[in-house]
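# Examination of the molecular architecture
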Amino acid sequence: MGLVKKKAAPEPAPAATVARPDPLTSLEDADAAVRRDAAHALGHAALPGAEAALARRLQAEGDAGVREAILTALARIATPEAAAALVPFLDREDAALRNAALESLQQMPAEVAAPALLPLLDHADADLRIFAVQGLGSLAHSGRADWLTRVMERDADVNVCLAAVEALAEAGSPEALSSLETLARRFPDDAFVAFAVDAARSSFQGR
């Protein structure tokens, strides 16, 4: 009996290429898990328009996990556009969102976050000025002491000035001593100012 030549096994069909979902589109998906994954993806590979899309989603987002992913993505992208997109959330009634937006700004490089925060020092809303002071005080920037001493010397709201004192004390800025004295003279009858100035003065002298 002659040998029978085996038939060659058919080659497997090439696997179908699965298209990856567009994270900008997925950011508006009805499934919170999909939106969260989309935000993570945009944070690691920012696409043109990602900052605006993330900010739009954040305005309407009710899921805490997705919010956190969006804020993390914007902090990671860390462009001037990302910083500018976060600033409006400092004026929201939602305290948790305000604080989270500020924390995301503080995680950005100082040269990116500072230009977004500085205009708020002249805002009519004292609460926004306080947020700006807190944000600027946390940045490792050569202009930090100058910005905060100017607040102590000029801002009309005592609470904004006290926020600047606290930020300077935490940052360790003994060059602000003369501005502390100016602040004490501006509010001579305010016990809180006297206490804050004394505490900051002691902190600087102990360094």
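Higher on the page you've got the structure.
Computed from a predicted model, the values in this text were never measured in an experiment.

The rules behind the values
Residues numbered from 1 in each chain as written. Predicted model: local features only at pLDDT ≥ 70, side-chain atom pairs only at ≥ 80, totals over all residues. Heavy atoms only, no water. Helix = DSSP H or I, 4+ residues; strand = E, 2+ residues; numbered from the N terminus. Buried < 20%, exposed > 50% of the residue type's maximum accessible area, 1.4 Å probe, protein only. Contact = heavy atoms within 4.5 Å. Areas by Shrake-Rupley, 256 points an atom, 1.4 Å probe, with all protein chains shown as cover. Axes fitted to C-alpha atoms, helices over the stretch in contact; angles between N-to-C directions. Parallel < 35°, antiparallel > 145°, perpendicular 65-115°, else oblique. Left-handed = near helix turned anticlockwise from the far one by under 90°. Expected span 1.5 Å × (residues − 1). Arc of directions from axis to C-beta.

### Comments concerning the overall build of the chain
Tallying secondary structure elements over the chain gives 12 helices and zero strands in all. Along the chain direction, N to C, the helices and strands of the chain fall in the order α-α-α-α-α-α-α-α-α-α-α-α. Sorting the 207 residues of the chain into buried and exposed places 42% on the buried side. Considering only contacts within the chain whose residues lie at least 6 apart along the sequence, 60% involve residues at least 24 apart. Just so you have it, the chain exposes about 11800 Å², and 54% of that area is on carbon and sulfur atoms.

### As for the packing of helix α9 (residues 144–154) against helix α11 (residues 177–186)
Between α9 and α11, the least distance of the axes is 8 Å, while the angle of their chain directions is 20°. Looking at the two axes, α9 sits roughly parallel to α11. Considering only the axes of α9 and α11, their crossing is left-handed. Packed against α9, whose contacting residues are T149, V151, M152, E153 and R154, the element α11 presents S179, L180, T182, L183 and R186 at the interface.

### Structural notes on helix α6 (residues 95–107)
Spanning 13 residues, α6 covers 19 Å between terminal C-alpha atoms, matching the ideal 18 Å at 1.5 Å per step. When α6 is considered as a whole, its buried residues turn out to be L97, A101, L102, S104 and L105. The buried side chains of α6 occupy one side of the element, clustering within an arc of 160° when seen end-on. Residues of α6 that are exposed and point more than 90 degrees away from the buried face comprise A96 and Q107.

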